[in-house]
Amino acid sequence: MWRLKHTALVSALAVGSVSGYGFPDCKSGPLADNAVCDTALDPITRATSLVKLFTVPELIDNTANTSPGVPRLGLPAYQWWSEALHGVAYSPGVNFSTSGEFSYATGFPQAILMGAAFDDELIKSVGSIVGMEGRAFNNYGHAGLDFWTPNINPFKDPRWGRGQETPGEDPYHIAQYVYNLVVGLQGGLDPEPYYQVISTCKHFAGYDLEDWDGNLRYGFNAVITSQDLVEYYLPSFQSCYRDAKVGAAMCSYNAVNGVPSCADTYLLQDVLRHFYGFAQDRWITGDCGAVESIYSPHNYATPQQAVADALKAGTDLDCGTFYGKWLPTAYNESLITETDLRLALVHQYASLVRLGYFDPEDQQPYRAYDWNNVNTSPAQQLAYQAAVEGIVLLKNDGTLPFSSNINNIALIGPWANATWQMEGSYFGHAPYVISLVMGAMEGGYNVTYVLGTHIASNDTSGFAAAVAAAKEADAVIYTGGIDMTIEGEALDRYTITWPGNQLDLIAELQTVGKPLVVVQFSGGQLDDSVLKCNASVNALVWVGYPGQSGGKAVFDILSGNVAPAGRLPITQYPANYVNEIPMTDMNLRPNVTSPGRTYMWYTGMPIYEFGYGEHYTTFSYEWAQAPATSYNIQALVDAGKSATYLDIAPFATLSVHVTNTGNMTSDYVSLLFANGTYGIAPYPNKVLVSYARSHSIAPGNTARAELPITLGNLARADTNGNFWLYPGTYELALDTSRVLSAKFELTGTAAQLTSFPQNTMTS
């Protein structure tokens, strides 16, 4: 994160860092007789007893991410900001050694590629490994216990620079992803007695713009209807905060409907604390600089009123220095009380209690983690598996997998010999990164590597060498797309086309007449229509940012050692889409000025649709458990009343037999969509209601994919944000190509599943 210009994560904020972490001495230190050291008490009681000892200046000092602790109490300094989006990552709280132990951590693929795997168990396993490595780093003073991950804002606009950090565009898919990741990271579902580490779901809410057309994220006002808010922008956060019971939350830079998120009592109290049940032993941080942004550029309040608004709304921690500078003034002017300050600190230290921060080391299995728990063989295999599972085959005329006659390849393009670039943003120091050149050589190919051109350049001087190499090869692989000089934090795109210089080189490579495969790297999609419609481009593969084993994963796919089964987690729009709707338009539904957003509402024709992905083999399908022809709504609701929340009560678990009718062992992702004219018009094209990944289906074998559906999966929201189960005709269809379908009726009267809190605040 800190090595690259593109990851300028508020480095100008003087947020500080810590070089090591200590633990309070509860045996013989000043706190030994305080209740915070009594393991028989609950976390809130213990934290309250500790925070009672703080003076007001000490309270204020510890509201920043770089907390100095309280030396007179033997309470060590603590850095709350560590990162681990897809592996322990560079951040103020993470300190990689220059060599030897704790000099690296497993580098998994970027989230967008792992999302393309549609494999919940894989994601839970990744979370478990990252959490274990994070805890090992903490035990030896190299990281905190709180990791500000994951990014679960849905990726609705292809121009968003940070879309690569997310699992994709579909709210149900992201909700499943984050649930499994958080449970893995934290060591279980709200685990007792200790968390492995604490995860922080961000950015709450409505954040998906960096700097488009002069609209900076720090001051942007996202105008969102209640209907869109609950149907699209919030399901992932509900899954994280309510269902996965994450330990921390982050409010975003932007305002929602006129109120900056970190000063929004409605969002942070009514929705987060009360509606989602975000407990008092969990805390809320502002994004870095978000508290200051309430003052400027939002111009919402004076500096002292801005910090008061944030603290009283529920922002416990300021990533930055604005609390430290202005809370004393706010306190002296009676804009905040000592009780407000103590409550914020109780939230924070209660979470540290749940991490075992004050407890004897010998009582905590997690404190035994060490360097032997980092970059283990299972972790390396999992990083490779995550890359392989996510890779998406977009086009293939039979050229792939390469035949045994392909020995000499020309590997051309700006991604061919890339290494650390394959990790994407928010990365750490991986133990190794396998480039495509290395992956090809490991796969037994004779490789001629030529750069040919850069990501975006007017320089064509490398074209001739690339064409010459292509003429001598059995097959040509062009590796291009975009990178973090084109998309990233604080960097939105204005176009979604391939850089012209790359298309020019591909056009020249086509004329050689050799088998030509294009490997596309990117988080956001590019309009591939030129490649899709050109018969001289024999195959097209999207590989995202594939992480430390990227080169091996790509070549195992190209050579057929493994069959591709990933699915696009986002829509690939035509280039003109960027001229049809501004990034600042938060509405999902189409109207006279908008073609709609995401596969659910887009009225145009995508280049490749959400969920698309080809295979090396063929499959046949039949219902193993089809839906009934009719269901009574009241009976469903009555049966679901024993569920913790009615929206997650079961509707039915359907299942499909998937038979491999081809010649190659392959995974298959079953995507089940629902559509129909039920609820309030307009109606979505379709919505994803369940998915499952079946592994290693051998030729002639059949897998049974279980597809559970909840009442909430079939519900739609009214204009107040309440979910209802409506009567009507519903159709279920398997896969984007509708290889299997079934209809059923919901009878009776509409039933309300949720009562979303109404916003009485005004801007």
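Worth saying up front: this structure is predicted, and the values here are computed from it rather than measured.

(A) Structural context of unusual backbone geometry. A cis amide bond links F204 with the next residue in sequence, A205, at an omega value of 10°. Position of A205 relative to the elements: it lies in the loop between strand 4 (198–204) and strand 5 (221–222). Of note, the amide linkage connecting L400 to P401 takes the cis form, showing an omega dihedral of -5°. Phi is positive for N299, which is not a glycine, with a value near 55°. Structurally, the position occupied by N299 is in the loop between helix 9 (290–295) and helix 10 (303–313).

(B) Quick peek at the nonpolar core. Residues F204, Y241, Y349, F358, L509 and F651 are the most contacted members of the largest nonpolar core, which totals 182 residues. Of the residues forming this core, the biggest block, 8 residues, is contributed by helix 12 (residues 338–354). What F651 contacts, discounting residues up to four positions off in sequence, is Y631, L636, I709, T710, L711, L714, F744 and L746.

(C) Structural view of the pairing of strand 18 (residues 650–660). Summarising burial for strand 18: 8 of the 11 residues are buried, a large majority. With 6 bridges connecting them, strand 16 (residues 619–625) and strand 18 associate as antiparallel partners. The residue bridging F619 from the neighbouring strand is N660, located in strand 18. Taken together, the 9 bridges between strand 18 and strand 21 (residues 702–710) define a ladder with antiparallel strand orientation. What sits directly across from T659, in strand 21, is T702.

(D) Local environment of the environment of T63. Here T63 lies in the loop between helix 2 (56–61) and strand 1 (66–67). Sequence-wise, T63 and L327 are 264 residues apart; in three dimensions their C-alpha atoms are separated by 9.4 Å. If near-sequence neighbours (up to four positions away) are discounted, T63 is found in contact with D316, L317, D318, Y323, L327, L341 and L345. In this structure the side chain of T63 is engaged in a polar contact, spanning 2.7 Å, whose partner is the backbone oxygen of I60.

Each value, and the rule that gives it
Residues numbered from 1 in each chain as written. Predicted model: local features only at pLDDT ≥ 70, side-chain atom pairs only at ≥ 80, totals over all residues. Heavy atoms only, no water. Helix = DSSP H or I, 4+ residues; strand = E, 2+ residues; numbered from the N terminus. Core = buried A, V, L, I, M, F, W, Y, C linked by side-chain atoms within 4.5 Å. Buried < 20%, exposed > 50% of the residue type's maximum accessible area, 1.4 Å probe, protein only. Contact = heavy atoms within 4.5 Å. Pairing = 2+ DSSP bridges. Polar contact = N/O pair within 3.5 Å; in protein donor to acceptor, adjacent residues only side chain to side chain.

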